[in-house]
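Breakdown of the fold
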Amino acid sequence: MDPAGRFAPSPSGELHAGNLRTALLAWLFARSSGRRFLLRVEDLDRARSGAEDAQLRDLAAIGLTWDGPVVRQTDRESLYAAAIDRLTAAGLTYECFCTRREIQEAPSAPHAPQGAYPGTCRNLEEAEREARRALRPAAIRLRAAVTEGTIRDRLLGSFTGVVDDFVLRRADGVTAYNLAVVVDDGEQGIDQVVRGDDLLPSTPRQAYLAGLLNIPVPEYAHVPLVLNADGARLAKRDGAVTLSDLAAAGVTADRVRDLLLASLGLPPGPLGNALAAFDPASLPREPWVWTGMTDA
Ligand code: GLU
């Protein structure tokens, strides 16, 4: 399969300037390295009606092009189930009956890193499991053989983070993001993952899981998030931050594209110019602060 990069938005609402900038970066990384560029709608959770169409429209409006059909995670449950079955057959999963509160209140295991699952359900006897099944549905967790992992990032270098017995399928039956993302990237031939650096902490978990499923670990590039004037992560409440809000204020998609390109030190205009000038080594490494746009 030809190598590919991707953008994988959750259809929870319209994309804002920060999301668009990350998409633009993912496109530049993929296209400048001769990769296909794929779009995947991560709609297992948080899908809002109409959001997917609006997101695709806005990505096209800033000039992004993609290859092949857009895939949707809700159409791919059988792939996720097959992966969980394989892990289960290899003895690498277990049922977990903990509520969020029980996890928060559980004493953490000795030497367990902060934020790691405390292991409450890891070694239950079959009779205990049987009793708990009668009380509530189980989540499925990975039985990890390590407590941390190290990944390499194109922009950030080496990063070491927690690998715990993370959830593969939630108790409500929904496939967990960390499982779906690994299965999808593997199945779609994605060997380059460019995304916001808020996802960096999950990456060692994903790379570890990829190894267990014989999926090659992709190249990662985690890009800085866009911040608002107060230094917090840009959000919808920060005023006109989506293309439709900006259009209502008289700002065209071309101007937004050019501002995003300028924030990356790249030339304005149709994306061919930026593509020719793109060099990952000279990207700004600091978060970019969104100060708003008006037609003035
Ligand atoms: N769907 C995730 C999000 O919108 C991104 C997942 C990824 O790029 O791996 O935050």
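What comes next concerns the included structure. (Residues numbered from 1 in each chain as written. Predicted model: local features only at pLDDT ≥ 70, side-chain atom pairs only at ≥ 80, totals over all residues. Heavy atoms only, no water.)

1. Quick word on the packing of aromatic side chains
Evaluation of the coordinates by the stated rule reveals 2 aromatic pairs. Both rings, one in Trp288 and one in Trp290, keep their centres 6.0 Å apart while their planes meet at 80 degrees; by these two values the pair is edge-to-face. Here Trp288 falls in the buried class, since its relative accessible area comes to 16%. Against the face of Tyr117 rests Arg141, its NZ or CZ located 3.6 Å from the ring centre. (Phe/Tyr/Trp six-rings, centres within 6.5 Å; stacked < 30°, edge-to-face > 60°. Buried < 20%, exposed > 50% of the residue type's maximum accessible area, 1.4 Å probe, protein only. Lys NZ or Arg CZ within 6 Å of the ring centre and 35° of its normal.)

2. Things to note about unusual backbone geometry
The backbone of Asn214 shows a phi angle near 60 degrees, a positive value even though the residue is not glycine. By the secondary structure assignment, Asn214 is in the loop between α7 (203-212) and β10 (219-223). (Helix = DSSP H or I, 4+ residues; strand = E, 2+ residues; numbered from the N terminus.)

3. Some words on empty space enclosed by the protein
Here the structure, examined in full by the defined rule, presents 2 cavities of 30 Å³ or more. Here the largest cavity defines a volume of roughly 60 Å³. Lining the largest cavity are Val181, Val182, Asp185, Gly186, Val193, Arg195, Gln206, Ala210, Ile215, Pro218 and Tyr220. When residues of the lining of the largest cavity are traced back to their parent elements, those giving at least two are α6 (177-187), β9 (192-196) and α7. Among the elements that take part in the lining of the largest cavity, α6 stands out by supplying 4 residues, more than any other. (1 Å grid on protein atoms, 1.4 Å probe; cavity = no way out; pocket = protein on both sides within 12 Å on 5 of 7 lines; lining within 4 Å. Points joined across faces, edges and corners; volume = space filled by probe spheres on them.)

4. Examining the site of the ligand
All residues in the neighbourhood of the ligand are listed as Arg6, Ala8, Pro9, Ser10, Glu42, Tyr177, Val181, Arg195 and Leu199. At a separation of 2.6 Å, an oxygen atom of the ligand approaches a polar side-chain atom of Arg6. Side-chain polar atom of Glu42 to a nitrogen atom of the ligand: 2.6 Å apart, as the coordinates give it. For the shell around the ligand, the per-class residue count stands at 5 nonpolar, 1 polar and 3 charged. (Near = heavy atom within 4 Å. Polar contact = N/O pair within 3.5 Å; in protein donor to acceptor, adjacent residues only side chain to side chain. Nonpolar A, V, L, I, M, F, W, Y, C, P; charged D, E, K, R; others polar.)

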